[in-house]
Structure formats: C-alpha cells, structure tokens
Amino acid sequence: MRLISYNLRKHRAAGELNALVATHDPDILCLQECDTTLLPDAIGGLGLVRATTGNRLGLAMYLRSNQYRVERVRTIGLKKSLHDRVLKPANERVLGARLLNIDTGRHVVVASFHAAPLTALNSLRRTQIRAGLNALQELAPGMPVLMVGDYNYPVFKENLGQTVREHGYRLTLSDDRTYTRYRVFRGHYDFATSNGFDISRITTLPQGTSDHRPILVTAEAG
C-alpha cells in the first residue's frame, strides 16, 4: 500500500493534488483542511470515498477502486478543544474506512485524522488519538488499522508513543519534519499510528503551498 496524507492549509494546496498523485502513484489519498464543498469526484486515478460534512474545512479520502473495495465508512467526532467550542466547531476529526484488498482478500481499516490545534493541551490530543483508534477498531475488530494525518504533536512524543503502545499501536514518524511555517513550532506533525501494518518507510515530500509537507507512507498489512 502506498498512501499520501496532506494537510491542505484551508484548501490552499488543493491545486497540487493532481500532480502529487501523478508523481507518486498512491493507492490512497487522505486529506485534512480541505474545503469539502469544492472536492472533485476523482483525482488522477483515485475516486472519492467520502468527505466529512460537519464543517466546511474537513477530511476526505480517495482510493484506487481497482485495488480496494469500500465496505464501510465512518466519520468520528472527538472531544472538543476550547478552540473548537469558541471559534469553529470541528465535529468530525476522524474519517475511517474498512477496505477489502481485491488482490489479497485482506481487510484493513484506513483513516484520515486531524487533531485539535496547538492551542489545546497534548493531553487532549492523546485522548483524541486513543478515542479515534478505539472507534476505528470497531469497524473491523482484529483487522489491521492505519491512521494518518495531522497530529499537531510537535514535542514530547515520548508520552504519545507510550500512550499508543499501551493501546497496542505503533507510532511511526517520517524521515524529515513536516511543518515549517513557524520556527518555534517546526517539527513532525504528520505521521502514522498503526496496528497490524508493517510500515517500511514514511517519506516527507517536497514543500508546496501548504504550511505542512505531504507524507508518503509505504506499508503492508501483516
């Protein structure tokens, strides 16, 4: 499986998606901060699985339909931060799909995730991550789960790694930092948590117009 995850920075980087798919040939594309009212039905050879509807800027997933069959899709609301409550409610922070690999007959769960912003506490983001992973496991109990996206977690990843391990998951960072807009906040924001996947590498792709760099995940269900 080749999967790209990209935070579009309020949809500003949407114009890059066709070239991104053409260059890196992913099977799945997971998006964050996309204007769900402007998304096309297809990007390259990937078809739209679903986009969130709870707020204009949300999550979306595309996949290669001759490789995977969609069996179930779920959007998941998580505990809200103060930012969500006061400024712009983000009711759906996980978009997950149970997929059947047509060639292998294996079921997997893949999700696009966007954690609460940096104004929230790391403890809230850990709570969101735990809740998101638990909800995804319910889509296909015992099946491999891969959740990618913008975790908004640049520092103190030891605590996050411990939380993820306690739930039977693995945290995998990319080969370079993914957020570069503000010097003090630069770091690895976009990465993966997984269970039952062998992630051979996560490559940080070149900077575009977003303040996040896209990541390319190469993984295989174990």
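See the structure shown above.
Bear in mind the structure is a predicted one, so any value in this text is a computation, not a measurement.

**Q** It is not clear to me how the nonpolar core should be interpreted in this structure. Could you clarify?
**A** Membership of the largest hydrophobic core comes to 23 residues, with the highest contact counts inside it found for Met1, Leu3, Ile28 and Val110. Among the elements of the structure, β2 (28–35), β5 (57–63), β6 (68–76), β7 (94–101), β8 (107–114), β9 (145–150), β12 (197–204) and β13 (215–221) are those that each provide at least two residues to this core. Beyond its immediate stretch of four places on either side in the chain, leucine 3 contacts Pro26, Ile28, Cys30, Val110, Leu146, Val148, Ile215, Leu216 and Val217. By size, the runner-up hydrophobic cluster in this structure holds 21 residues, among which are Leu78, Ala115, Ala140 and Leu160.

**Q** How should the pairing of β7 be read in this particular structure?
**A** Successive side chains on a regular strand alternate, one facing one side of the sheet and the next facing the other. Of all eight residues in β7, seven are buried, a share of seventy percent or more. Where β6 and β7 come together, eight bridges link them in antiparallel fashion. Within β7, the residue paired with isoleucine 76 across the bridge is valine 94. Hairpin connection, β7 to β8: the antiparallel pair is bridged by five residues, and glycine 105 has positive phi, about 75°.

**Q** Please clarify how the sheet that holds strand β1 (residues 2–7) should be interpreted in this entry.
**A** By way of backbone hydrogen bonds, the strands of a sheet pair with one another, either parallel or antiparallel. Taken in spatial order, the seven strands of this open sheet run β3-β4-β5-β2-β1-β13-β12, and their pairing is mixed. Each edge of the open sheet carries a strand with a single partner, namely β3 (42–43) and β12. For β3 and strand β4 (residues 46–51), the ladder comprises two bridges, and the chain directions are antiparallel. Bridge assignment links alanine 42 to a residue of β4, and that residue is glycine 47.

**Q** Explanation requested: the environment of arginine 74 in the structure shown.
**A** With respect to the element layout, arginine 74 can be found in strand β6. A relative accessible area of 27% means that arginine 74 is categorised as partly exposed. For the pair formed by arginine 74 and leucine 139, sequence separation is 65 residues and the distance between their alpha carbons is 8.0 Å. Once residues lying within four places of it in the same chain are set aside, the contact partners of arginine 74 are Val94, Leu95, Gly96, Ala135, Glu138 and Leu139. For arginine 74, the side chain forms a polar contact with the side chain of glutamate 138, separated by 3.2 Å.

**Q** Looking at this model, I keep getting lost on the side chain of asparagine 122. Mind explaining?
**A** Among the structural elements, asparagine 122 can be located in helix α3 (residues 122–137). Of the polar contacts made by the side chain of asparagine 122, one reaches the side chain of arginine 125; its length is 2.8 Å.

**Q** Explanation requested: the pattern of salt bridges in the structure shown.
**A** Oppositely charged side chains are able to pair whenever their charged atoms sit close together. Applying the stated criterion across every chain yields a total of six salt bridges. Between arginine 9 and aspartate 211 there is a salt bridge whose closest N-O contact spans 3.9 Å. You can see arginine 9 sitting in the loop between β1 and α1 (17–24) and its partner aspartate 211 sitting in the loop between β12 and β13, a full 202 residues away along the chain. Per residue, the accessibility class of arginine 9 equals that of aspartate 211, and both read buried.

Calculation rules
Residues numbered from 1 in each chain as written. Predicted model: local features only at pLDDT ≥ 70, side-chain atom pairs only at ≥ 80, totals over all residues. Heavy atoms only, no water. Core = buried A, V, L, I, M, F, W, Y, C linked by side-chain atoms within 4.5 Å. Buried < 20%, exposed > 50% of the residue type's maximum accessible area, 1.4 Å probe, protein only. Helix = DSSP H or I, 4+ residues; strand = E, 2+ residues; numbered from the N terminus. Contact = heavy atoms within 4.5 Å. Pairing = 2+ DSSP bridges. Polar contact = N/O pair within 3.5 Å; in protein donor to acceptor, adjacent residues only side chain to side chain. Salt bridge = Lys/Arg side-chain N within 4 Å of Asp/Glu carboxyl O.

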